[in-house]
Amino acid sequence: MRKDVRILLVGEPKVGKTSLIMSLVSEEFPDEVPLRAEEITIPADVTPERVPTHIVDYSEAEQSDEQLYQEISKANVICIVYSVNNKKSIEKVTSHWIPLINERTDKDSRVPLILVGNKSDLVEHSSMETILPIMNQYSEIETCVECSAKNLKNISELFYYAQKAVLHPTGPLYSPEEKEMKPSCIKALTRIFKISDLDNDGILNDNELNFFQRTCFNIPLAPQALEDVKNVVRKNMSDGVKDNGLTLKGFLFLHTLFIQRGRHETTWTVLRRFGYDDDLELTQEYLFPLLKIPPDCTTELNHNAYLFLQSVFDKHDKDRDCALSPDELKDLFKVFPYMPWGPDVNNTVCTNEQGWITYQGYLSQWTLTTYLDVQRCLEYLGYLGYSIIQEQESQAAAITVTRNKRIDLQKKQTQRSVFRCNVLGARGSGKSGFLQGFLGRNLVRQKKIREDHKSYYAISTTYVYGQEKYLLLHEVLPDFEFLSEADLACDVVCLVYDISNPCSFEYCAKVYKKHYMDSKTPCVIISAKSDLHEARQYYSLSPLDFCRKHKLHPPQLFTCNTAEAPSKDIYTKLTTMAMYPHMTQADLKNSTFWLRASVGATVFAVLGFAMYKALLKQR
């Protein structure tokens, strides 16, 4: 909502503009009226909307046209004052003042107008018959008020309406000509309905309506008030209430009714609580709350964020198969202005046999977005209404900023849950196969992936010592001369070569010697396509001798040309090395160490899925 309101009073001389201002301030009719009142500011604590209000007078005798134009451009609302006993001043509203104001304001953001009929104490009749056609002709006219500066009639109401026209404008919400809400307003309220429909059954039940009421207005609805609301809807439409709950049609009807009855502030309170500005766009402050991330720190979702995302998944997994079908995914993203996940996401995370994103894959994609582009994650959580449903100040409350990586190295322990592994190798070495193998896809499944749906990332969970961790694999393009710091920064490095290609290992050796030989980043060499015949590498040292010379773990054999899903052991090893970069090669070669890590992985992978199934059954 605006921080302040600027009201300008214009009109013909002697219609009582200055008297209106002075009567408001002194609460009595002035004996002597100056040509023009000084600008006054009404403090926030004495205005109904708690917003400072500036009231500006205009005098043709004291001010030039240029000064008038400047005031028009600065005003948030303009009151055109006429005298109810002066026909000429009424005619001037349409022949002079409205055209003048419209010339000086942008067509797409017209300033709201209030027509003010002053001196009602001097006549017995009302001017409304003359004014109503004018109101119907000009959509920028918010309302018309008849008042008397002498009798103090409707003076405070006049300025309240002017303030309301700025803070709760009709224009963005409703079309008087069509007598219905505008498409942008319907779109915003539909998103609000979907967020508030916590079980996604298309109906707001009493609990959901009470949560909505408390969220927007800080007070619950009494049971009788709830019934009264539903009865109003029932009387006016047949499909507004279903199973004793409010449908989307009923919800939209109620807001149309609020607007038609002049209670725009109710609808605006709802819209602003859900992040909308005066143009019915979600504000930048709502979508991108401030989040400070120091250097060498990463971003992760916290426990409450995962619980929220789990509830969103459950809400849309209608058939309870622990995966989101294309229709279910589309329904989930209806509260977004665009589809955020493209077909590459299905090749970044785990999917079921039909290629649908599983529960684990869904959480993995959110984890990846948070790690790689936290601003986008904040935006997405904003669309889902995270701060509203979780009753937090903003979606920044969903993010954990990890401590500096140097501190982890010093303390020889980490609290992080997401670890990045960069996968480098010459073209055709098997990098993409290595990424897809992590998602449980063998060569047969990988061959079905379209080139334009390919992803350079793969993310899933591994278990180290019984702790669930995310490993994020990133395939780095093999442009040796153009490797950036971002390409090189990670927790563990995979150097992949094709065992059957004699030229393949040289690239790995060069990258290691140039970028990683003197770094503290753990490195692993992967002998990919190990099902093929091993060729002698042209490089001066064999891969095994190279590893011995540089005190690296021996090359790890890997193939995705398997009948079942490829083995996950190597991925557990990579995660462990990322978690414990300080461990010596002797520790890493210790078979008991790997056994403890990988047994934990198997047990917890089974337990994790069993626990999720149990939770589903409970719900």
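Residues numbered from 1 in each chain as written. Predicted model: local features only at pLDDT ≥ 70, side-chain atom pairs only at ≥ 80, totals over all residues. Heavy atoms only, no water.

## Looking at the confidence of the model for the chain
The cut-off we apply is this: Note on scores: pLDDT gives the predictor's confidence for each residue, bounded by 0 and 100. When checking whether two residues touch, look at their non-hydrogen atoms; a contact exists if any pair is within 4.5 Å.
The predicted model of the chain averages 90 in pLDDT, with 93% of residues at 70 or higher. The low-confidence segment residues 600-606, where pLDDT is below 50, has seven contacts with residues more than four positions distant or belonging to other chains.

## Some details on the environment of E49
Note the cut-off: Numbered from the N terminus, helices here are DSSP runs of H or I no shorter than four residues, and strands are runs of E no shorter than two. Partly exposed describes any residue whose relative accessible area lies between the buried limit of under 20% and the exposed limit of over 50%, with all areas from a 1.4 Å probe on protein chains only and scaled to the type maximum.
For E49, the location among the structural elements is in the loop between β2 (40-42) and β3 (53-56). By relative accessible area, E49 is classed as buried at 17%. Through-space distance from the C-alpha of E49 to that of C508 is 67 Å; in sequence the pair is 459 residues apart.

## Quick notes on the sheet that holds strand β11 (residues 245-247)
What counts, and what does not: Being paired, for any two strands, means DSSP has found at least two bridges between them.
An order of β9-β11-β10 is seen for the three strands of this open sheet, with the pairing classed as antiparallel. Two strands lie at the open edges of the sheet, namely β9 (203-204) and β10 (241-242), each paired on one side alone. Sheet topology places β9 next to β11; two bridges connect them, and they run antiparallel. Following the sheet pairing, I203 is matched in β11 by T247.

## A short note on the pattern of salt bridges
For clarity, the cut-off: Here a salt bridge means any side-chain nitrogen of Lys or Arg lying within 4 Å of a carboxyl oxygen belonging to Asp or Glu.
If you walk through the whole model with that rule in mind, you get 22 salt bridges. In this structure, E71 and R6 form a salt bridge, with 3.2 Å as the shortest nitrogen-oxygen distance. Taken together, the residues E71 in helix α2 (residues 65-74) and R6 in strand β1 (residues 5-11) connect sequence positions 65 residues apart. R6 shares its class with E71; the two are buried. Close ionic contact of D408 with R416 constitutes a salt bridge, the shortest N to O distance being 3.6 Å. By relative accessible area, D408 is classed as buried at 7%.

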